[in-house]
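Survey of secondary and tertiary structure
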Amino acid sequence: MTNLPLAAPDITDRERELVMQVLNTPILSGGPMVQRFEEMAASVAGRKHAVAVSSGTAGLHVIVRALGLGAGDSVITTPYSFIASSNCLLYEGVDPLFVDIEPDTFNIDPDQVELALDFHPKRHRIKGILAVDIFGHPARWDRLEAIVQEHGLRLIEDSAESLGSRLDGRPCGAFGDAAIFAFYPNKQITTGEGGVVLTDSDDLAEMARSLRNQGRGPSNEWLEHVRLGYNYRLSELHAALGVAQLERLAELLGKRAQVARWYTQRLKDLPFLTPPTVYGNVDVSWFVYVVRLKDGIDRRLVMQHLQAKGIPTRPYFPAIHLMPFYAERFGFKAGDFPVTEAAASATLALPFHNNMTEDQVHYVCDQLQSLSETLG
Ligand SMILES: *Cc1c(COP(=O)(O)O)cnc(C)c1O
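Since we're looking at a predicted model, the values are computed, not measured.

Observations concerning the side chain of T347
Turning to its location among the elements, T347 is positioned in strand β13 (residues 347-350). Within the structure, T347 has its side chain in polar contact with the backbone oxygen of Y316 (distance 2.5 Å). Engagement of the side chain of T347 in a polar contact is seen with the backbone oxygen of A343, the distance being 2.8 Å. Excluding its chain neighbours within four sequence positions, the residues that come into contact with T347 are Y80, F106, V290, V291, R292, R299, R314, P315, Y316 and F317.

Pasting the structure below:
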């Protein structure tokens, strides 16, 4: 069995049809398709506003700016994530105040947040919390909401990985002052590149619209710029792809859930790894399928064995605080966030996409199982 991709988009004739529809009009940017995509995205998250942007990272940057966070401020976040959830703070001179994660879901640990708010030497600078729904599993938003209420903080949801997930029936993307979805080709749905800012606040939405569009004011006069802005717009072509994907959302998420079930069924009894943990009253929309190798298992050996059988894998995620430019700039060192570091050295993403067949999943699991004998 060859050519098992780590991830793959799921594109049909409906996507091609809607993109062609845009190409048959003269409006390639700032038109009806973006508006349609925004309405659909807002409805998935149960939000009043959705502002389409050119990437999830751009969306996070816009939120940090729109909330008025800047130099001298700190925002609590986690070092076990894709780097964009911290970089968006650095863009505005905000310091990421890292706290450690829960060992099972890899999400921000609310107890660590409370400790930081009470005892961290920089606690007086803390202005907000930016939490990520890692691999699609909702963070503990009920506790985070209570904490920001008590301390008068801003709350940002990085739901780049959790489109379609729910916590206590509430959709991801609905938590905090503002949230994002992201649409890179490996996410649950794709626009090629793209993202969306989600909020219930009229002011934040208006600011996000201005920032993505070169700082233009609400009048939208083309050459009147009322603030420093960016070109973070999403084109009509990208939005068309997104509309078609959101029309198929239930189908896409259903296929992913099926692949995840096949994996977990086979992997739950393997002695040297733990399949993804799901707990609490949550529905997980699967972004990736990440297993955790047990202590003492050599990840490189596992990866090499699988690669030799044509199975690509990836260590997801390396710890952000140990990336050299973070370590140098903020003085982080190994041992600062032990739960993150242990997870970062033991987690592994397996091939996972909508159209993976049961046979392909079994093939990957067979190779893992044959490792059991070697690894014990
Ligand atoms: C993918 C992702 C992003 C960024 O999305 P892009 O569209 O690639 O810029 C941000 N945060 C997390 C946690 C992600 O997984």
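A word on the pattern of salt bridges
Scanning all chains against the criterion turns up 25 salt bridges. A salt bridge links R154 to D177; the shortest N-O distance between them is 3.3 Å. With a gap of 23 residues between them, R154 in strand β5 (residues 154-158) and D177 in the loop between β7 (170-171) and β8 (178-182) connect regions that are remote in the sequence. Look at R154 and you get partly exposed, because its relative accessible area is 37%. Here K255 ties to E251 by a salt bridge, and the two come within 3.4 Å at their closest N and O atoms. With K255 and E251 both in helix α9 (residues 249-267) and four residues apart, the pair spans about one turn of that helix. Residue classification places K255 among the partly exposed residues on the basis of a relative accessible area of 23%. Residues joined by salt bridges that share partners form a network here, namely D10, E15, R248, E251 and K255.

Quick look at α9
The end-to-end C-alpha distance of α9, which contains 19 residues, comes to 27 Å, matching closely the 27 Å that a straight helix rising 1.5 Å per residue would cover. Within the sequence span of α9, burial applies to L249, L252, L253, R256, V259, A260, Y263 and L267. Buried residues of α9, seen end-on, are gathered within an arc of 125° and therefore sit on one face of the element. Exposed positions of α9 whose direction lies more than 90 degrees from the buried face are A250, R261 and Q265.

Brief notes about empty space enclosed by the protein
The final tally for this structure, using the stated rule, is one cavity of 30 Å³ or more. Empty space within the largest cavity amounts to approximately 120 Å³. If you go around the largest cavity, you meet 13 residues; those closest to its centre are I134, F135, H137, P276 and T277. Residue contributions to the lining of the largest cavity reach at least three from each of two domains, namely domain 1 (13-99 + 106-247) and domain 2 (249-375).

A look at the sheet that holds strand β10 (residues 273-274)
Across a sheet, paired strands are connected by hydrogen bonds in the backbone, their directions being either parallel or antiparallel. An order of β10-β12-β13 is seen for the three strands of this open sheet, with the pairing classed as antiparallel. Two strands bound the open sheet, and with one partner strand each, they are β10 and β13. The pairing of strand β12 (residues 289-293) with β13 spans four bridges and is antiparallel. Paired with V290 across the strands is A349, a residue of β13.

Considerations on the nonpolar core
Among the nonpolar cores identified, the biggest contains 49 residues, and I76, I129, Y263, L267 and L368 are the most heavily contacted of them. Those elements that provide at least two residues to this core are α5 (110-119), β4 (126-132), α6 (141-151), α9, β12, α10 (299-308), β13 and α13 (358-375). A per-element tally of this core places α13 first, with six residues. Residue assignment places this core across two domains, with domain 1 (13-99 + 106-247) and domain 2 (249-375) each supplying three or more. Once residues within four sequence positions are removed from consideration, I129 is found in contact with V75, I76, I108, V113, L144, I147, V148, L153, R154, L155 and I156. Core analysis: the second largest hydrophobic core is formed by 42 residues, I63, C88, V94 and I134 among them.

A look at the domain arrangement of the protein chain
Split into domains, the protein chain comes out as domain 1 (13-99 + 106-247) and domain 2 (249-375). Placing a centre on the C-alpha atoms of domain 1 and another on those of domain 2 gives a separation of 25 Å. Contact residues are listed per partner, giving 35 residues for domain 1 and 34 residues for domain 2. Between domain 1 and domain 2, the buried area comes to about 3000 Å², and carbon and sulfur atoms account for 64% of it. Considering only the side of domain 1, the residues that lose the most area to domain 2 are Y80, F135 and Q188, jointly responsible for 22% of the buried surface there. The interface formed by domain 1 and domain 2 contains zero salt bridges.

Calculation rules
- Residues numbered from 1 in each chain as written.
- Predicted model: local features only at pLDDT ≥ 70, side-chain atom pairs only at ≥ 80, totals over all residues.
- Heavy atoms only, no water.
- Helix = DSSP H or I, 4+ residues; strand = E, 2+ residues; numbered from the N terminus.
- Polar contact = N/O pair within 3.5 Å; in protein donor to acceptor, adjacent residues only side chain to side chain.
- Contact = heavy atoms within 4.5 Å.
- Salt bridge = Lys/Arg side-chain N within 4 Å of Asp/Glu carboxyl O.
- Buried < 20%, exposed > 50% of the residue type's maximum accessible area, 1.4 Å probe, protein only.
- Expected span 1.5 Å × (residues − 1).
- Arc of directions from axis to C-beta.
- 1 Å grid on protein atoms, 1.4 Å probe; cavity = no way out; pocket = protein on both sides within 12 Å on 5 of 7 lines; lining within 4 Å.
- Points joined across faces, edges and corners; volume = space filled by probe spheres on them.
- Domains from an automatic or database assignment.
- Pairing = 2+ DSSP bridges.
- Core = buried A, V, L, I, M, F, W, Y, C linked by side-chain atoms within 4.5 Å.
- Buried area = accessible area lost by both parts, 1.4 Å probe.

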